[in-house]
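What follows is the residue order along each chain.
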Amino acid sequence: MLLKIPRLYDSHTHFLATGEFVTGLNLHGLHSAAEILSWDLEKENYHRGDWIVGFGWQDSGWESPPHKKILDQLFPHKPVYLAKADGHVAWVNSEALKRLGLSSESGLLLESDHLRSWDQLPKFSEPQQRNHILNACKVYNQAGFTHVRDMTGSESLWNSLIALENESLLTVAIEENFTFYNLTDFEVALELAKYTRQHETALVRSKGVKFFFDGSLGSETAYLSQPYNRIPNGNCGQGLWKSNDVEEIFKKAWTAGLEISVHTIGDQAAHEIVQTARKVSALGFVGRLNLEHVQVLRPETIQMMKALHVRCHMQPCHWLSDRDWLQKKLGDLYRYAFPWEALRAAQVPISFGCDSPVEKSSFFANKIALEQSPAARIKKFTGAIEEFHSHPDKSFVPDAWTVVSENSVEEVFFQGRQILFSRA
Ligand SMILES: [Zn+2]
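Just so you know, these numbers come straight off a predicted model, no measurement behind them.

### Describing helix H4 (residues 111–120)
Glu111, His114, Leu115, Ser117 and Trp118 are the residues of H4 that are buried. Across the axial projection of H4, the buried residues extend over an arc of 165°, all falling on one side.

### Quick look at the packing of aromatic side chains
Under the definition given, this model contains 21 aromatic pairs. Judged by centre distance (6.1 Å) and plane angle (80°), the ring pair of Trp57 and Trp91 falls under edge-to-face. Placement of Trp57 in strand E5 (residues 51–57) and of Trp91 in strand E7 (residues 89–92) is noted, with a sequence separation of 34 residues between them. Pair check on accessibility: Trp57 and Trp91 agree, each one buried. On the numbers, 5.0 Å between centres and 80° between planes, the contact of Phe381 with Phe388 is edge-to-face. Taken together, the aromatic side chains of Phe338, Trp340, Phe352, Phe381 and Phe388 make up a single cluster linked through ring pairs. In this structure, Lys4 is placed above the aromatic ring of Trp401, and the distance from its NZ or CZ to the ring centre is 4.5 Å. In this structure, Arg205 is placed above the aromatic ring of Phe396, and the distance from its NZ or CZ to the ring centre is 4.0 Å.

### A short note on the pattern of salt bridges
Tallied over the full model, the rule gives 22 salt bridges. We note a salt bridge from Arg344 to Glu341, for which the minimum N-O separation is 3.0 Å. Within this pair, Arg344 and its partner Glu341 are both found in helix H12 (residues 340–345), separated by three residues, close to a single helical turn. Given a relative accessible area of 8%, Glu341 falls into the buried group. Counted as one network, the salt bridges with shared partners bring together Asp50, Glu95, Lys98 and Arg99.

### What about the coordination of the zinc ion?
At the metal site, the zinc ion is ligated by His12 (NE2), His14 (NE2) and Asp355 (OD), and these contacts range over 2.0 to 2.3 Å. For the zinc ion, all donor residues lie on one chain, and their spacing in sequence is H-x1-H-x340-D. Of this pair, His12 sits in strand E2 (residues 9–13) while Asp355 sits in the loop between strand E15 (350–352) and helix H13 (363–372), and the two are 343 residues apart along the sequence. For the pair His12 and Asp355, one class covers both residues: buried.

### Notes on the nonpolar core
Phe15, Phe211, Leu289, Leu291 and Leu343 are the most contacted members of the largest nonpolar core, which totals 99 residues. Tallying contributions element by element places helix H9 (residues 267–282) first for this core, with six residues. When residues no more than four places from it in sequence are discounted, the contact partners of Leu291 are Val262, Thr264, Ile273, Val274, Met305, Val310, Arg311, Cys312 and His313. The next biggest cluster of nonpolar side chains, apart from the first, holds 17 residues, and it includes Leu30, Ala33, Ile70 and Val80.

### Comments concerning the sheet that holds strand E10 (residues 173–179)
The strand order E2-E9-E10-E11-E12-E13-E14-E15 describes an open sheet built from eight strands, whose pairing is parallel. One side of each edge strand has no neighbouring strand; the edge strands of this open sheet are E2 and E15. Across the sheet, the mean angle separating the axes of adjacent strands is 25° when strand polarity is ignored. Taken together, the four bridges between strand E9 (residues 147–150) and E10 define a ladder with parallel strand orientation. The residue bridging Val148 from the neighbouring strand is Ile174, located in E10.

### Digging into the packing of helix H11 (residues 316–330) against H13
Here H11 crosses H13 at 65°, and the two axes come no closer than 7 Å. Here the hand of the crossing between H11 and H13 comes out left-handed. Residues Pro316, Cys317, Trp319, Leu320 and Arg323 of H11 form the contact with H13, whose own contacting residues are Ala365, Asn366, Ile368, Ala369, Leu370 and Gln372. A breakdown of the residues in the contact of H11 with H13 according to their chemical character gives eight nonpolar, two polar and one charged.

### So, the domain arrangement of the protein chain
By the assigned domains, the protein chain splits into domain 1 (23–120) and domain 2 (126–404). Taken together, the contact between domain 1 and domain 2 spans eleven residues of the former and 15 residues of the latter. Across the interface of domain 1 and domain 2, roughly 1,100 Å² is buried in total on both sides, 54% from carbon and sulfur atoms. There are one salt bridge connecting domain 1 and domain 2. Among the salt bridges present, the one from Asp185 reaches Arg116, with a minimum N-O distance of 3.1 Å. At the boundary of domain 1 with domain 2, the tally comes to six residue pairs in polar contact (both at pLDDT 80 or more). Among the elements that line the side of domain 1 that touches domain 2, the one with the most residues is H4, at four residues.

### Some details on the packing of helix H1 (residues 15–23) against helix H5 (residues 126–142)
The interhelical angle for the contact between H1 and H5, taken along N-to-C directions, is 95°, at an axis separation of 7 Å. Overall, the two elements H1 and H5 adopt an arrangement that is roughly perpendicular. For the pair formed by H1 and H5, the contact residues are Phe15, Leu16, Thr18, Gly19, Glu20, Val22 and Thr23 on the first element and Gln129, His132, Ile133, Asn135, Ala136, Cys137, Val139 and Tyr140 on the second. The class makeup of the residues in the contact of H1 with H5 is eight nonpolar, six polar and one charged.

### Details of the sheet that holds strand E17 (residues 409–414)
In a beta sheet, neighbouring strands pair by backbone hydrogen bonds and run either parallel or antiparallel. One open sheet accounts for four strands, arranged E1-E16-E17-E18; its pairing is antiparallel. In this open sheet, the two edge strands, each paired with only one partner strand, are strand E1 (3–6) and strand E18 (417–420). Ignoring strand direction, the axes of neighbouring strands in this sheet form an average angle of 25°.

Conventions adopted
- Residues numbered from 1 in each chain as written.
- Predicted model: local features only at pLDDT ≥ 70, side-chain atom pairs only at ≥ 80, totals over all residues.
- Heavy atoms only, no water.
- Buried < 20%, exposed > 50% of the residue type's maximum accessible area, 1.4 Å probe, protein only.
- Helix = DSSP H or I, 4+ residues; strand = E, 2+ residues; numbered from the N terminus.
- Arc of directions from axis to C-beta.
- Phe/Tyr/Trp six-rings, centres within 6.5 Å; stacked < 30°, edge-to-face > 60°.
- Lys NZ or Arg CZ within 6 Å of the ring centre and 35° of its normal.
- Salt bridge = Lys/Arg side-chain N within 4 Å of Asp/Glu carboxyl O.
- Donors = N, O, S within 2.8 Å, 3.2 Å for Na, K, Ca; no water.
- Core = buried A, V, L, I, M, F, W, Y, C linked by side-chain atoms within 4.5 Å.
- Contact = heavy atoms within 4.5 Å.
- Pairing = 2+ DSSP bridges.
- Axes fitted to C-alpha atoms, helices over the stretch in contact; angles between N-to-C directions.
- Left-handed = near helix turned anticlockwise from the far one by under 90°.
- Nonpolar A, V, L, I, M, F, W, Y, C, P; charged D, E, K, R; others polar.
- Domains from an automatic or database assignment.
- Buried area = accessible area lost by both parts, 1.4 Å probe.
- Polar contact = N/O pair within 3.5 Å; in protein donor to acceptor, adjacent residues only side chain to side chain.
- Parallel < 35°, antiparallel > 145°, perpendicular 65-115°, else oblique.

So this is what it looks like as structure tokens:
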């Protein structure tokens, strides 16, 4: 049976990185830290400026963890930056640490050190960036998506997107958000969001600013209300910002008419952000709040959301990657994990996405996750997935739609033009 979905939307992506890793250094196939010594890392595509940058290693089956010494053997004087598949850790060499002004015994950068450094890597050259954008368009279109929401905007990306739109080469409708990591960055991101908002086009929109309030469940840095693995007085993760600062951010961004997006994976992270949003709203500031991931949510947090303008952006495909250890890590909080049905029932708006390149951009992976998760006691999603995978604004590139069969993309139309044909 064929299904026609209007404005098929991936609501949480890292757009440029997705394009970058089509031709970039992909470390998925690396079986040990030492194996990297036999890889050719010097290819042109693997560079940003004189840095070697790669992505996608996963050390769970490795005999020994990655270490900077291994990379130093290969490159004593050239910076190397290799991001882990989960997007929360980087393996770097001594030269990279030196240039970033950071120190680490092992050469592993965690969470905000990694994320902030990632943003400070040398910019792509103009042709590289153009190439990455075109490759990203191809990735999303082949996966059926005509609409994407990018969490990693920058001024140069914005300019390149509009240049490609003017050449009729942009084949996705894209929303940009600008990430910040501290209050100084916030002012920069805010100005950029305000400026770009004045220069929106038919295909490129500016939505607002984004920050991380916690980490990830995999690395036990997501902020929970109970300790990981039921260890008494154990680690709960933590919130990364002071509540006064978060209040100021909300007030300024909402006053400017911008959306705020917050990475909240743990239940306590989401709870504290929603509490702040409620407090600021009560002071007379009104605006939109997007919560990214929300992998654990308590019912009282969901209740509080109902009176606010909140949209939750969820990636069911993350459940496929997390399911093996999820129950063990979460303990009693497991009953609140992946609460798409609780949100739907409370009529809190949800959009589904894939978080590429952390996960593959795939409508079908999300469909499979929603189908299989009830067997693991995740409450069954009773909505129609396609409604939550469609861009909610009918006026944003309205003549875009996708035809899917049970397990493949058959046709993609963008601005009324067919851009992807059935493989049959
Ligand atoms: Zn993300």
